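Reading the structure
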Amino acid sequence: MGVAVRPTAPRRWFRLSIPLVIFALLLLYLSARSLGARSGCGLGAQACVPGGTAPFQVRQESGPLEAPERKEPPCLGPRGMLGRMMRPFHASLNPEGDVGLSPYLAGWRALVEFLTPLGSVFAFASREAFTTVTALEARVHGPDAEHYLSLVAMAAWERRAGLLERPGEAPRDPARSSGSRTLLLLHRALRWSQLCLHRVATGALGGPDAGAQCSDAYGAALGPHHPWLVRQAARLAFLAFPGRRRLLELACPGTTEAEARAALARAAGTLEDVYNRTQGLLAERSLLQLA
Ligand SMILES: *[C@@H]1O[C@H](CO)[C@@H](O)[C@H](O)[C@H]1NC(C)=O
């Protein structure tokens, strides 16, 4: 192995990854609610009820869903945190089968916004995540903006221009990562969020608590890509993870548990759509090995 590990690399990793981890947790909250906002209806969350059933009545594979309320909870509405996050994520799935970077980042930005008020740990994390998102935004709005409209365009351009890192090699300065690599980090955090949200939404009463479920999701989605130090930090962050009830409340305040679970499941579904498409596009271009 000719790769020289620089002594400062773990620290950089730490600084970069921790926020993503905590971030992902936040995503969970967010996504939980936003899911409801979309699921086939694009923007107007209230106007998209097929067949006149309640917007909240989501078909669910797992677990009974009572959905006693017919009104859509505010968390899924245009001004709800989740609604505001899920709309741009949904919009990033463009008709050509590509992923629009601007809406994708807008989704992340809403997520960060959601995280910030959640406590000091999250405030720290969201600041870091903000940095990562900002780095990619700088490219999307920078002098080469024409090449950063979508994932496909960005990957092609960065490859042509020789901007891609060699597989597995972290850039010296994370702030100067290629756009493709930055996206990959966000992509993995998105996966984690999606898995957590789904598990929190569908977890059985009396089953493993939300922290354990999301910690497992971390082990599946992010842990393998993180150095030891970051994994330990993540483990600590999970100790402060809210319980399921609290999570559902944060995701969708003022509704019943059934509604909050339904909203969360829909949010997870939206994230899964975005994740699946991004994953396919990155894989086709051999970009999953970038970091
Ligand atoms: C995402 O991809 C997985 C694996 O290919 C598939 O099982 C799943 O149904 C997909 N999810 C969505 C929402 O399309």
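Residues numbered from 1 in each chain as written. Predicted model: local features only at pLDDT ≥ 70, side-chain atom pairs only at ≥ 80, totals over all residues. Heavy atoms only, no water.

**Digging into the overall build of the chain**
Stated formally: In this text, helices come from DSSP runs of H or I with a minimum length of four residues, and strands from runs of E with a minimum of two, each type numbered from the N-terminal end. We call a residue buried when its accessible area falls under 20% of the maximum for its residue type, exposed when it is over 50%, and partly exposed in between, using a 1.4 Å probe and counting protein chains only. We call two residues in contact when some of their heavy atoms are within 4.5 Å. Throughout, the Shrake-Rupley method with a 1.4 Å probe supplies accessible areas, and for residues the shown protein chains are the sole cover considered.
Within the chain, the secondary structure is distributed over 10 helices and zero strands. Ordered by position from N to C terminus, the α and β elements of the chain give α-α-α-α-α-α-α-α-α-α. Looking at the 291 residues of the chain, the share that counts as buried comes to 52%. Within the chain, contacts between residues at least 6 apart in sequence are counted, and of these 76% link residues at least 24 apart. For the chain, the accessible area works out to roughly 13200 Å², and carbon and sulfur atoms hold 56% of it.

**Some thoughts on the site of the ligand**
As a reminder, the rule being used: Near, as used in this document, describes a residue that has one of its heavy atoms within 4 Å of the molecule or strand being considered. As used in this structure description, the phrase polar contact means that two N or O atoms lie within 3.5 Å; if the pair is within protein, one of them must be able to donate a hydrogen and the other to accept it, and residues adjacent in sequence are counted only when both atoms belong to side chains.
Neighbouring residues of the ligand: Glu272, Asp273 and Asn276. The separation between a nitrogen atom of the ligand and a polar side-chain atom of Glu272 is 2.9 Å. Within the side chain of Asn276, one N or O atom sits 2.3 Å away from an oxygen atom of the ligand. If the ligand stood free it would expose 360 Å²; the protein chains cover 32% of that surface.

**Section: the environment of Ala156**
With respect to the element layout, Ala156 can be found in helix α5 (residues 151-160). A relative accessible area of 36% means that Ala156 is categorised as partly exposed. C-alpha of Ala156 to C-alpha of Arg285: the two residues are 129 residues apart in sequence and 8.8 Å apart in space.

**As for the pattern of salt bridges**
Note the following rule: When a carboxyl oxygen of Asp or Glu is within 4 Å of a side-chain nitrogen of Lys or Arg, the pair counts as a salt bridge.
Counted according to the given criterion, the structure contains four salt bridges. A salt bridge links Glu137 to Arg109; the shortest N-O distance between them is 2.3 Å. Here the residue Glu137 occupies a position in helix α4 (residues 120-140), and Arg109 occupies one in helix α3 (residues 101-115), the gap between them amounting to 28 residues. In this structure, the salt-bridge partner of Glu249 is Arg246, at a minimum N-O distance of 3.3 Å. Of this pair, Glu249 and Arg246 both sit in helix α9 (residues 244-251), three residues apart, which is roughly one turn of the helix. Given a relative accessible area of 44%, Glu249 falls into the partly exposed group.

**With respect to the packing of helix α6 (residues 179-202) against helix α7 (residues 210-221)**
The condition that has to hold: Axes here refer to lines fitted to C-alpha atoms; in helices the fit is confined to the stretch in contact. Angles between the N-to-C directions go from 0 to 180 degrees. For any pair of crossing helices, the crossing counts as left-handed if the nearer helix is rotated counterclockwise from the farther one by less than a right angle, and right-handed if it is rotated clockwise. In this classification, the charged set is Asp, Glu, Lys and Arg, the nonpolar set is Ala, Val, Leu, Ile, Met, Phe, Trp, Tyr, Cys and Pro, and all remaining amino acids, among them Gly, are polar.
Here α6 crosses α7 at 150°, and the two axes come no closer than 9 Å. For the pair α6 and α7, the sense of crossing is right-handed. Taken together, the residues of α7 that come into contact with α6 (itself represented by Arg188, Arg191, Trp192, Leu195, Cys196, Arg199 and Val200) are Ala210, Gln213, Cys214, Asp216, Ala217, Tyr218 and Ala221. Residues that form the contact of α6 with α7 fall into these classes: nine nonpolar, one polar and four charged.

**With respect to the confidence of the model for the chain**
Reading fine detail from the predicted coordinates is not recommended where pLDDT is low. The condition is simple: pLDDT is a residue-level measure of predictor confidence that goes from 0 to 100.
Here the chain averages 75 in pLDDT, while 70% of its residues score no lower than 70. Across the chain, element-level confidence peaks in α5 with a mean pLDDT of 96 and bottoms out in helix α1 (residues 9-34) with 44. Predicted confidence for residues 1-11 stays below pLDDT 50, and this span has two contacts to residues more than four positions away or in other chains. In the predicted structure, residues 18-64 sits below a pLDDT of 50 and forms 184 contacts with residues beyond four places in sequence or in another chain.

**Topic: helix α10 (residues 257-284)**
Put simply, the rule is: What a helix should span is 1.5 Å times the count of its residues minus one.
When the terminal C-alpha atoms of α10 are compared, their 40 Å separation across 28 residues agrees well with the 40 Å that a helix rising 1.5 Å per residue should span. Just beyond α10, the residue with positive phi is Ser286, at close to 55°.

**Details of the packing of aromatic side chains**
We apply this condition: Working definition: a ring pair exists when centres of Phe, Tyr or Trp rings (six-membered ring for Trp) sit within 6.5 Å. Plane angles under 30 degrees give stacked, over 60 give edge-to-face, the rest tilted. A positively charged side chain is recorded as over a ring if its NZ (Lys) or CZ (Arg) lies within 6 Å of the ring centre. The angle to the ring normal must also be within 35 degrees.
Applying the stated criterion across every chain yields a total of five aromatic pairs. Where Phe89 meets Trp108, the ring centres are 6.5 Å apart and the plane angle is 75°; that geometry is what we call edge-to-face. Taken as a pair, Phe89 in helix α2 (residues 81-91) and Trp108 in helix α3 lie far apart in primary sequence, 19 residues in all. Taken individually, Phe89 and Trp108 each receive the classification buried, so the pair is uniform in this respect. Taken together, the ring pairs in this structure connect Phe89, Tyr104 and Trp108 into an aromatic cluster. Lying across the ring of Tyr275, Arg191 places its NZ or CZ 4.6 Å from the centre.

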